[in-house]
Structure formats: structure tokens, C-alpha cells
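# Analysis of the macromolecular model
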Amino acid sequence: MWYVNNKRAFWDTSAGQQILTLDLIFRKISDAQNLFVDQAAKHNIELFCPPGCGTCCHGFMPDVLPVEADYIAFFLLINQNNPGSGQEGHFSLLSPCPFYAADRPGANCRIYEARPLICRLFGFSGTKTKNGELVYRLCRHMPTPRGLPGRSPTQEALQGAIGALPPLMSDFAIEILAIDPSKASERKSLSEALPSALARISATLHYCPEEPNAA
Ligand code: SF4
């Protein structure tokens, strides 16, 4: 885990608690996605992004809630003096997202471990139709795997072909919103949200000194 042993007193603060809760949700998403992809693979249906693609980040700027910005700010602050953390180097002019690195195929996101919800779910989550049914739409850059019933299989088709469903985007959006409902209206673009998150987390960390012997 990228945050283990860092500023343990920080985890007792409200910001620290919210980051831990978000991390739990992110891990649930990852587990649900792995289960879906693994289950598909057992049925010889290979779901994957084209190697080194990163096209979904071209021209894209994610919107984030304050807690997602805090999570990224914490990641940046604890990695700022860590050569090899992926923060160094040049940023891309191809995307408004400040963390997209076009010159690193396969590792285009400089904050991959801390990326926001929308970036985690893209390509590997389901959405709901007007009837409340789950539908899984492949990203247009993903190849159509043999055995998958079309590029937008319904819940029923997925159950028949794979026996599992991808995580539902709206469910996790609601879970993250529930971390601090009072901030629901404060969703902003990542670039707009980050300066205040950096100031907030930096100030909190300042009052949470490293314990002796912390790794
Ligand atoms: S945060 Fe990372 S994954 Fe999300 S748009 Fe920016 S570069 Fe892409």
C-alpha cells in the first residue's frame, strides 16, 4: 500500500479518516473489477485495454469531489521527495489533465495509484439503462473479445456468457458521496480542486509529525 507507515498520526484526523474510507472503496472497486475480468477469462473472454493505449485520457479532465482531491494531494505530498515515484518528468499538452504523460506508454497516469473514481471505472464498469438494468459498454478502443455477446451486453447477456457483472458506476459514486454529503456540491475539475486540497492536506500533515521508527 503506497501510504503505509506514513504519518500515522494523520490517520486520526478527519481528513485522514476520509482518505482511508475512500481507499477502502477504491479497493472494493478493484476487487470487483478483478473478479469480473477473471470470471470472463475463465469463459475465454479476454477483457483488456490495447497495450500502452491511454487514449481515454487524451483531452480529458476528471471532475472530483474534495475527498478525491485530498487523496491525490496526500499521494503527491508523500511522494514529492521520492525519485522514481513517477512525479518527475514532463507533462502532456495533449490533455487538460495535469497528470497525463503521453510520453510514457503503458504508464501514462502519473498518479495511477491515487487516480480518481471516474478514471478507475472507465472501461471496466457498468451503467444503468432507463429501465434500471445494468449494461456494460466496451470502450471504443477495446477489441471485441470472442465470446462476448456484442459491445454493449446487457445484465442478462453477461450473466449467461460470464456469470458475473462489472461494478456499477453509480453505486460507487454514491458511496463516495456518502463520505461527506455536505461537500456534494463541491465537485470540481481536478485542476481546480487540487490547489486547495494540497494546502489543506499539507497543513494537516504539518501538525502530524512522523513517529520515531516509522518507516
Ligand atoms: S488522473 Fe490519470 S487516469 Fe485520470 S485523466 Fe488524468 S492521467 Fe488519465
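Our subject is the structure listed above.
Residue positions within a chain follow its written sequence, with the count starting from 1. The model is predicted, so local features are restricted to residues of pLDDT at least 70 and side-chain atom pairs to those at 80 or more, both for listing and for counting; the totals for chains, interfaces and linings are taken over all residues.

A separate point is the site of the ligand. Only the C-beta atom, placed from the backbone, is used; a residue is near a molecule or strand if that atom lies within 6 Å of it. What surrounds the ligand is the set Cys 57, Phe 60, Pro 62, Cys 97, Phe 99, Tyr 100, Asn 108, Cys 109, Ile 111, Arg 115 and Cys 119. Each residue gets one label: Ala, Val, Leu, Ile, Met, Phe, Trp, Tyr, Cys and Pro are nonpolar, Asp, Glu, Lys and Arg are charged, and the others, such as Gly, are polar. Across the shell around the ligand, the residue classes break down as 9 nonpolar, 1 polar and 1 charged.

Any two packed helices are characterised by the angle at which their axes cross and by the distance between the axes. Where helix α1 (residues 14–42) contacts helix α2 (residues 66–79), the two axes come as close as 9 Å, and the packing angle between them is 100 degrees. Considering their axes alone, α1 and α2 lie roughly perpendicular with respect to each other. Two secondary-structure elements touch here, α1 through Ala 15, Gln 18, Ile 19 and Leu 22 and α2 through Val 67, Glu 68, Asp 70, Tyr 71 and Phe 74. For the contact of α1 with α2, the residue count by class is 6 nonpolar, 1 polar and 2 charged. Axis definition: a line fit to C-alpha positions, over the contact stretch in the case of helices; interaxial angles, taken between N-to-C directions, run 0 to 180 degrees. Runs of H or I in DSSP of at least four residues are treated as helices and runs of E of at least two as strands, each being numbered from the N terminus. Oblique is the label for any angle not covered by the other classes, which are roughly parallel (under 35 degrees), roughly antiparallel (over 145) and roughly perpendicular (65 to 115). Residues are scored as being in contact if the C-beta atoms we place from backbone atoms lie within 7 Å.

Next up on the list: the environment of Ile 162. Residue placement: Ile 162 occurs in the loop between α4 (155–161) and α5 (169–177). Put simply, a residue is buried when 20 or more other C-beta atoms lie within 10 Å of its own C-beta and exposed when 12 or fewer do; between those, it is partly exposed, and each C-beta is set from the backbone. On the neighbour-count criterion, Ile 162 (24 C-beta atoms within 10 Å) is buried. Between the C-alpha atom of Ile 162 and that of Ala 40, which follows or precedes it by 122 residues, the distance is 5.2 Å.

Looking now at the environment of Leu 177. Inspection of the secondary structure assignment puts Leu 177 in helix α5. For the pair Leu 177 and Leu 65, spaced 112 residues apart in sequence, the C-alpha separation works out to 7.8 Å.

Our next topic: α1. The terminal C-alpha atoms of α1 lie 42 Å apart, and with 29 residues this matches the ideal 42 Å at 1.5 Å per residue to within 8%. Listing the buried residues of α1 in full gives Ala 15, Gly 16, Ile 19, Leu 22, Phe 26, Ile 29, Phe 36 and Ala 40. Residues of α1 that are buried make contact with α2, α3 (117–121), α5 and α6 (190–206). To estimate the expected span of a helix, count its residues, drop one, and scale the result by 1.5 Å.

Where α1 meets α5, the closest approach of the two axes is 10 Å, and the angle between their N-to-C directions is 170 degrees. When the axis of α1 is compared with that of α5, the two are roughly antiparallel. Contacts from Leu 22, Ile 25 and Ile 29 in α1 reach Phe 172, Glu 175 and Ile 176 in α5. In the contact of α1 with α5, the residues fall into 5 nonpolar, no polar and 1 charged.

Below, the discussion takes up the nonpolar core. The nonpolar core is taken to be a set of buried Ala, Val, Leu, Ile, Met, Phe, Trp, Tyr and Cys residues joined by way of C-beta atoms within 7 Å. Ranked by internal contacts, the top residues of the largest apolar core, which has 32 residues, are Tyr 71, Ile 72, Ala 73 and Phe 75. For this core, the element with the highest residue contribution is α2, accounting for 8 residues. When near neighbours in sequence (up to four residues on either side) are disregarded, Ile 72 contacts Ile 111, Ala 114, Leu 194 and Ala 197. In this structure, Phe 36, Tyr 136, Leu 158 and Ile 162 belong to the second largest nonpolar core, which totals 6 residues.

Any functional reading would require information beyond the geometric quantities listed.
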